[in-house]
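Coordinates in review
Single-letter residue listing:
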Amino acid sequence: MSDTKSGNQMWGGRFVTGPDEVMEEINASIDFDKILYAQDIAGSKAHGRMLVKQGIISADDGKAILTGLDTILSEIEAGQFKFSRALEDIHMNIESRLAELIGDAAGRLHTARSRNDQIALDFRLWVKQTMLQIDEQLVMLIGSLLDKADVHKETLMPGFTHLQTAQPVTFGHHCMAYVEMFGRDLSRIRDGLERLDECPLGAAALAGTGFAIDRHITCGELGFREPTRNSLDSVSDRDFGLEFLSIASICAVHLSRMAEEFVIWSTPQFNFVSLSDRFSTGSSIMPQKKNPDAAELVRAKTGRINGSLIGLLTVMKGLPLAYSKDMQEDKESVFDAAASLRLAIAAMHGMISDSTINKQEMQKAAGSGYSIATDLADWLVREAGIPFRQAHHVTGRAVALAETKQCGLEELSLADLKGIEERIEQSVFDVLSVENSVKSRRSFGGTAPQNVESQISYWRDRLGN
């Protein structure tokens, strides 16, 4: 290979020749880390201003650096900036262009910092900004569920265990279950932001710097709570990326569970929900088909996001302190997972908002599978004083009789029920209805409509909407 790259501007005079083509290919990260341009420029501007304030570089150099960085930002945003793989990464692409614009002053910007703390800053800033965006999306998603729950707090549907009819609930209560899930995701995002909110800039390569920098200045300008406290940890920490992926994975699982229910509920066999044309597709051969592709893709994104978490955990598991080039593999998975999660949340928000709930079909199914059997057992305990295990057995016999007669429990005669347990009275029929079953579940967190209404009010107050 030609030695025209000797004296490489990134590595100084240590290397006589440039890298092999394969080395250049495996070493370059600009194809994906160019997404960090805004964070890199923001960090450089804060660092430059701090260097001037501390008297480390001149005011003239500082002014030229800031002007040049603003020019570069405008070029990138206008699509006029040419990224070079030969320059490896976003840092050197920007620094090289800055040197073209302002000359030697560009080289003074890198005083008292390293690409190690530079990338730690850029990446942390990007993750922080992304988590704030996801926070907003989750609030919107929860809001759409609250709206749906409010409309359907009395809409009856079957509650399931093992995907078998268990007890009747309301659709509003079912929606509120997902509010709780996504509320925990929101809590994890906000909790993670607290731990992430430390600025690594100024840690330099790994040991700090002998220059009289003020890390609190750059920290404050970049919107962090405080600087990181250990220079070794500052450049080698990727917990914020791992924590983001952990949060993303859990949230994606919640999205996937709801997507799965939309897929099932939108089938002709269930017909609980009709998805809008905006979030469905057709078939190339079967004209009658309306496929819940958006829901299916939300479900599939979960595997991709979970894989990103496992990938980064594996990258980090054996790295000694401080920085290792392995960490170049930290960003693509986070970028991809963030894009997948944001798209999945947006799709779920759209599906919920646009869906039509088929109340009659839900209500018809709510009483199927002897869903009020537990109400009979509870009545036997409460009114007849029968121990629950015995009441469970009596109820089982009543269900068997109803199956034989091919009728519902509420359609059995009093004589039928007395033939099983003589202590059963006419008042039992007051509880043997889906409506009364749901209304009776007034324990805290239960499905009774008044409870659902209270849950909705609680979450609206909590979210300020």
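Provided above is the structure to which this section pertains.
Reference entry: report on the structure contained in this document. If you're wondering where the values come from, they're calculated on a predicted model, not measured in any experiment.

For the protein chain, the count of helices and strands is 19 helices and six strands. Radius of gyration (C-alpha) of the protein chain: 31 Å, far over the 23 Å computed for a compact globule of 465 residues. Dimensions of the protein chain, computed from C-alpha atoms along their principal axes, come out at roughly 100 × 50 × 40 Å. Put simply, of all contacts in the protein chain between residues at least 6 apart along the chain, 73% involve residues at least 24 apart. For the protein chain, the accessible area works out to roughly 22200 Å², and carbon and sulfur atoms hold 51% of it. In the protein chain, the 49 positive side-chain charges and the 64 negative ones have mean positions that sit 2 Å from each other.

As a further point, take the pairing of strand E2 (residues 164-170). Taken together, the six bridges between strand E1 (residues 156-161) and E2 define a ladder with antiparallel strand orientation. Across the sheet, Thr161 pairs through a bridge with Gln164, a residue of E2. Following E1, the chain reverses through two residues before pairing antiparallel with E2; His162 in that reversal takes a positive phi of roughly 60°.

Glancing now at the state of the cysteines. In this structure the tally under the stated criterion is zero disulfides. Between Cys199, a cysteine without a disulfide, and Cys219, which holds the nearest cysteine sulfur, the sulfur-to-sulfur distance is 5.2 Å. Accessibility expressed as a relative area gives 3% for Cys219, which makes it buried.

A word on the packing of aromatic side chains. Taken as a whole, this structure holds 11 aromatic pairs when the rule is applied. When the centroid spacing of 6.4 Å and the interplanar angle of 45° are considered together, the rings of Trp265 and Phe272 count as tilted. Side by side, Trp265 and Phe272 carry an identical accessibility label, which is buried. Ring geometry for Tyr458 versus Trp459: centroids 5.6 Å apart, planes at 85°, classification edge-to-face. Residue Tyr458 is classed as partly exposed on the basis of its relative accessible area of 45%. An aromatic cluster is defined as three or more aromatic residues linked by ring pairs; in this entry it consists of Phe160, Phe171, Phe262, Trp265, Phe270 and Phe272. Above the plane of the ring of Phe224 lies Lys128, whose end atom (NZ or CZ) is 4.9 Å from the centre. The ring of Phe123 has Lys331 lying over it, and the distance from NZ or CZ to the ring centre is 5.6 Å.

A contiguous nonpolar surface patch, about 270 Å² in accessible area, is contributed by Leu206, Leu232 and Leu321. If you trace the backbone, Leu206 turns up in the loop between strand E3 (198-199) and helix H9 (215-221). When its relative accessible area of 39% is taken as the criterion, Leu206 is described as partly exposed.

A few words on the nonpolar core. Val127, Leu138, Phe182, Phe244, Leu255 and Met348 are the most contacted members of the largest nonpolar core, which has 72 residues in total. Elements supplying a minimum of two residues to this core: helix H7 (115-151), helix H8 (171-196), helix H11 (239-265), helix H12 (293-316), helix H13 (331-354), helix H14 (359-366) and helix H19 (449-463). Element by element, the count of residues in this core is highest for H11, at 15 residues. For Met348, the contacting residues outside a window of four places in its chain are Leu141, Leu255, Met258, Ala259 and Val298. Among the nonpolar cores identified, the runner-up in size contains 26 residues, and Leu376, Trp379, Ala391 and Ala402 belong to it.

With 12 residues, helix H15 (residues 373-384) extends 16 Å between its outermost C-alpha atoms, agreeing within 8% with the 16 Å of an ideal straight helix rising 1.5 Å per residue. For H15, every residue scored as buried is listed here: Ala373, Asp375, Leu376, Ala377, Trp379, Leu380 and Ala384. Looking at the packing, one finds that the buried side of H15 touches helix H16 (388-405) and helix H18 (434-440). Positive phi shows up at Gly385, right after H15, with a value of about 70°.

So, how was this worked out
Residues numbered from 1 in each chain as written. Predicted model: local features only at pLDDT ≥ 70, side-chain atom pairs only at ≥ 80, totals over all residues. Heavy atoms only, no water. Helix = DSSP H or I, 4+ residues; strand = E, 2+ residues; numbered from the N terminus. Rg over C-alpha atoms; globule rule 2.2 N^0.38 Å. Contact = heavy atoms within 4.5 Å. Areas by Shrake-Rupley, 256 points an atom, 1.4 Å probe, with all protein chains shown as cover. Lys, Arg positive; Asp, Glu negative; His and termini not counted. Charge placed at Lys NZ, Arg CZ, Asp CG, Glu CD. Pairing = 2+ DSSP bridges. Disulfide = S-S within 2.5 Å. Buried < 20%, exposed > 50% of the residue type's maximum accessible area, 1.4 Å probe, protein only. Phe/Tyr/Trp six-rings, centres within 6.5 Å; stacked < 30°, edge-to-face > 60°. Lys NZ or Arg CZ within 6 Å of the ring centre and 35° of its normal. Patch = residues over 30% accessible without salt bridge, like charges linked within 9 Å, V, L, I, M, F, W, Y side chains within 5 Å. Salt bridge = Lys/Arg side-chain N within 4 Å of Asp/Glu carboxyl O. Core = buried A, V, L, I, M, F, W, Y, C linked by side-chain atoms within 4.5 Å. Expected span 1.5 Å × (residues − 1).

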